[in-house]
Amino acid sequence: MQTWSCPKCGRTFKKQNQSHYCGKAPETIDAYIVSQPEEIQPYLRAVRKAIKEAIPEAEEKISWSMPTFWKKHNLIQFAGFKNHIGLYPGPEAVEQFAEQLKDYKTSKGTIQFPYKKPIPLELIAGIAAWCYETGNHP
């Protein structure tokens, strides 16, 4: 299997040009967002706002190098990628919202919202609220 090494930091990955952080990961969600490509920053801000409005009691932090909403444990996380926003609400949430997520790529605990479609902010807010209310988490 061929691997790729980042010319900046030297880390090795299976995928060519794998998205990653060279050096220290950002310490705040604001720092995370501004470290992403400019064209995806509005999507990240919108997802953050939707989650924050749905669960204002949750604390914002970085966990696993991703924006995280936390209340005694990780409730929900999100991240920007080349072609989509990744949402990480945990497997129970993906199962609970399966019908509304049928048009999106999902896997155990993960949902991909492609940039080429409108980001379903109300759905994301509903998933975040469900995670908060039920205590289910990634």
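Residues numbered from 1 in each chain as written. Predicted model: local features only at pLDDT ≥ 70, side-chain atom pairs only at ≥ 80, totals over all residues. Heavy atoms only, no water.

Participant: How should the overall build of the protein be read in this particular structure?
Facilitator: On a plain count of helices and strands, the protein comes out with four helices and eight strands. Counting helices and strands in the order they occur from the N terminus, the protein gives β-β-α-α-β-β-β-β-α-β-β-α. For the protein, the C-alpha radius of gyration of 15 Å lies close to 14 Å, the compact-globule estimate for 138 residues. Principal-axis analysis of the C-alpha atoms gives the protein an extent of 45 × 30 × 25 Å. Considering only residue pairs separated by 6 or more positions, the protein has 45% of its internal contacts joining residues 24 or more positions apart. A total of about 8400 Å² of accessible surface is found on the protein, and carbon and sulfur atoms cover 50% of it. Across the protein, the centroid of the 18 positively charged side chains sits 8 Å from that of the 14 negatively charged ones. (Helix = DSSP H or I, 4+ residues; strand = E, 2+ residues; numbered from the N terminus. Rg over C-alpha atoms; globule rule 2.2 N^0.38 Å. Contact = heavy atoms within 4.5 Å. Areas by Shrake-Rupley, 256 points an atom, 1.4 Å probe, with all protein chains shown as cover. Lys, Arg positive; Asp, Glu negative; His and termini not counted. Charge placed at Lys NZ, Arg CZ, Asp CG, Glu CD.)

Participant: Explain the side chain of Ser 63 to me, please; I cannot follow it from the model alone.
Facilitator: If you trace the backbone, Ser 63 turns up in strand S3 (residues 59–63). Given the relative accessible area of 13%, Ser 63 is considered buried. If near-sequence neighbours (up to four positions away) are discounted, Ser 63 is found in contact with Thr 68, Asn 74 and Gln 77. (Buried < 20%, exposed > 50% of the residue type's maximum accessible area, 1.4 Å probe, protein only.)

Participant: Got a minute to help me understand the nonpolar core in this structure?
Facilitator: As a rule of thumb, soluble globular proteins bury nonpolar side chains together. Judged by nonpolar contacts, the single largest core of 34 residues is most densely connected at Ile 51, Leu 87, Phe 113 and Ile 127. Counting only elements with at least two residues in this core, the list comes to helix H1 (29–34), helix H2 (41–54), strand S4 (66–70), strand S5 (74–80), strand S6 (84–88), helix H3 (91–96), strand S8 (110–114) and helix H4 (121–134). Every residue in contact with Ile 127, bar those within four places of it in the chain, is listed here: Ile 76, Leu 87, Pro 89, Ala 93, Phe 97, Leu 101 and Ile 111. (Core = buried A, V, L, I, M, F, W, Y, C linked by side-chain atoms within 4.5 Å.)

Participant: Explanation requested: the environment of Lys 71 in the structure shown.
Facilitator: Note that Lys 71 resides in the loop between S4 and S5. Looking at Lys 71, the relative accessible area reads 34%, which means it is partly exposed. For the pair Lys 71 and Glu 57, spaced 14 residues apart in sequence, the C-alpha to C-alpha distance is 7.8 Å. Not counting residues up to four positions away in its chain, the partners in contact with Lys 71 are Glu 57 and Tyr 132.

Participant: Where do I start with the pairing of S5 in this structure?
Facilitator: Of all seven residues that make up S5, seven are buried, and the element is covered over most of its length. In this sheet, S5 lies alongside S4 in antiparallel orientation, the contact comprising three bridges. Note on S5: the bridge partner recorded for Phe 69 is Ile 76. Strand direction decides the pairing type here: S5 and S6, joined by four bridges, are antiparallel. Paired with Gln 77 across the bridge in S6 is Tyr 88. A loop of three residues connects S5 with S6, the two strands running antiparallel in sequence. (Pairing = 2+ DSSP bridges.)

Participant: Would you mind showing me how to read the side chain of Thr 110 here?
Facilitator: For Thr 110, the location among the structural elements is in strand S8. Overall, Thr 110 belongs to the buried group, its relative accessible area being 17%. Each residue touching Thr 110, except ones within four places of it in the same chain, is listed here: Leu 87, Tyr 88, Val 94 and Lys 105.

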